[in-house]
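# What the coordinates show
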Amino acid sequence: MRSAWMSCRNAIQFLPSETELRGKVVWVTGASSGIGEELAYQLSKIGAFLAISARREDELERVKKKCLQISNLTEKDILVLRLDLTDRSSHEAATNSVIKHFGKIDVLVNNGGRSQRSLFMDTNLDVYSAIMELNYLGTISLTKHVLKHMIERKRGKIVTVSSVMGIMGAPLASGYCASKHALQGFFNSLRTELTDYPEISIINICPGPVQSKIIQNVFTENLAKSLENSGDQSHKMPTNRCVRLTLVSTANDLKEAWISDHPYLAVCYLWQYAPTWAWWLMNRMGKRRIQNFKSGVVSLFLSPPLTCVSLPC
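So, a few notes on the structure that sits alongside this text. (Residues numbered from 1 in each chain as written. Predicted model: local features only at pLDDT ≥ 70, side-chain atom pairs only at ≥ 80, totals over all residues. Heavy atoms only, no water.)

### A closer look at the packing of aromatic side chains
The full count for this structure, using the stated rule, is six aromatic pairs. Where tryptophan 277 meets tryptophan 280, the ring centres are 6.1 Å apart and the plane angle is 80°; that geometry is what we call edge-to-face. On the criterion of helical spacing, the pair formed by tryptophan 277 and tryptophan 280 is a turn pair, its members being three residues apart in helix H9 (residues 275-294). For tryptophan 277, a relative accessible area of 58% gives the class exposed. Residue classification places tryptophan 280 among the partly exposed positions, given a relative accessible area of 47%. Every member of this aromatic cluster is reached through a ring pair, and the members are Tyr136, Phe186 and Phe187. (Phe/Tyr/Trp six-rings, centres within 6.5 Å; stacked < 30°, edge-to-face > 60°. Helix = DSSP H or I, 4+ residues; strand = E, 2+ residues; numbered from the N terminus. Buried < 20%, exposed > 50% of the residue type's maximum accessible area, 1.4 Å probe, protein only.)

If you want it as structure tokens, here you go:
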């Protein structure tokens, strides 16, 4: 696996995202907050044409308004399209709406989803069903309709915001980890089915902890309960940095990118190359995290981060 190590201060030794993505039609799901919202802002500055989707249309209109303020795009260059990933019967019509408006879809960014904070033995099984329906089945359903269009054009990019939790395991997130592992397995398999279409790229983005609102909307023990304390997020990677690296990864067709600060990134490599040590570390850190969770204390899973990031590809 080819790797590129980069200090946050160093110039990125890849094709600039501005060169590759300017003028492209990019459809971003989960665009009303967090990583999806920041993607919309950075893509608009680049000059990409945008379809932005989420369940909350009012929030999408807010995002569109800011995109217009910070870029040279016009009203017709940004399509607001309400979308519920769990309503799979609506995905074909939504795809057709984007194609009708722009004439094509160059890039699909599968960013919609929810995380989890609960112990398996305390969690109702309908929570696991909801996680898989949203994070996994909703994502591959939309992908199926968009991919049909890309195959007809023989080009395109399918970018899926997975997680480092898709390549390792962690306590309090068994359902979330399962959904991200499912996405990793699915898209790695799909890539092998598209060898006749070399201009269609399957790109998996695996962020570590990122400063976003995802923690405020996590699944808990039951579907009706919300997380009471989301805790401090200052130790996490800034959202704009994560998105910048995501766009560089997209522009350069990286098959997989781990986007994180240390020590989280180091754990990814440990999990990949020394799994026995990774299991030992996770058991030690996990036990403390579970104890804190039961006590109502929001704690960091690992110690505070250092300054390096890495993009394996």
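From this point, the discussion proceeds with the structure in view.
### Brief notes about the nonpolar core
Among the nonpolar cores identified, the biggest contains 34 residues, and Val26, Leu39, Leu43, Leu50, Ile52 and Val109 are the most heavily contacted of them. For this core, the element with the highest residue contribution is helix H2 (residues 34-46), accounting for six residues. Aside from chain neighbours lying at most four places away, what touches leucine 50 is Val26, Ala40, Leu43, Ser44, Cys67, Asp77, Ile78, Leu79 and Phe102. By size, the runner-up hydrophobic cluster in this structure holds 30 residues, among which are Trp27, Leu81, Phe102 and Leu108. (Core = buried A, V, L, I, M, F, W, Y, C linked by side-chain atoms within 4.5 Å. Contact = heavy atoms within 4.5 Å.)

### Considering empty space enclosed by the protein
Going through the model one piece at a time under the given rule, you end up with one cavity of 30 Å³ or more. Of the volumes computed, that of the largest cavity is approximately 50 Å³. Looking at the largest cavity, the residues that line it are Leu21, Val26, Leu39, Leu43, Val107, Val109, Val159, Thr246, Leu247 and Thr250. Elements supplying a minimum of two residues to the lining of the largest cavity: H2, strand E5 (107-110) and helix H7 (239-251). Partitioning the lining of the largest cavity into residue classes produces eight nonpolar, two polar and no charged. (1 Å grid on protein atoms, 1.4 Å probe; cavity = no way out; pocket = protein on both sides within 12 Å on 5 of 7 lines; lining within 4 Å. Points joined across faces, edges and corners; volume = space filled by probe spheres on them. Nonpolar A, V, L, I, M, F, W, Y, C, P; charged D, E, K, R; others polar.)

### Quick word on the side chain of asparagine 111
Counting through the fold element by element, asparagine 111 comes out in the loop between E5 and helix H5 (125-153). Look at asparagine 111 and you get buried, because its relative accessible area is 14%.

### Focus: the pattern of salt bridges
Counting across every chain of the model gives nine salt bridges. Taking the shortest distance from any N to any O, the salt bridge between glutamate 75 and lysine 64 comes out at 3.0 Å. With glutamate 75 in the loop between helix H3 (57-70) and strand E4 (78-82) and lysine 64 in helix H3, the pair connects residues that are 11 residues apart, well separated along the chain. Assessed through its relative accessible area of 53%, glutamate 75 is described here as exposed. A salt bridge links lysine 104 to aspartate 106; the shortest N-O distance between them is 3.3 Å. (Salt bridge = Lys/Arg side-chain N within 4 Å of Asp/Glu carboxyl O.)

### Points about the sheet that holds strand E2 (residues 25-29)
Read from one edge of the open sheet, seven strands run E4-E3-E2-E5-E6-E7-E8, paired in parallel fashion. Of all the strands in the sheet, just E4 and strand E8 (256-259) have a single pairing partner and so form its edges. Across the sheet, the axes of successive neighbouring strands diverge by a mean angle of 15°, strand direction being ignored. Summarising the sheet, strand E7 (residues 200-207) and E8 pair through four bridges and their orientation is parallel. For isoleucine 205, the partnering residue across the bridge sits in E8 and is alanine 257. Sitting on the sheet, H5 touches E2, E5, strand E6 (156-161) and E7, and the angle it makes with E5 is about 170°. (Pairing = 2+ DSSP bridges. Axes fitted to C-alpha atoms, helices over the stretch in contact; angles between N-to-C directions.)

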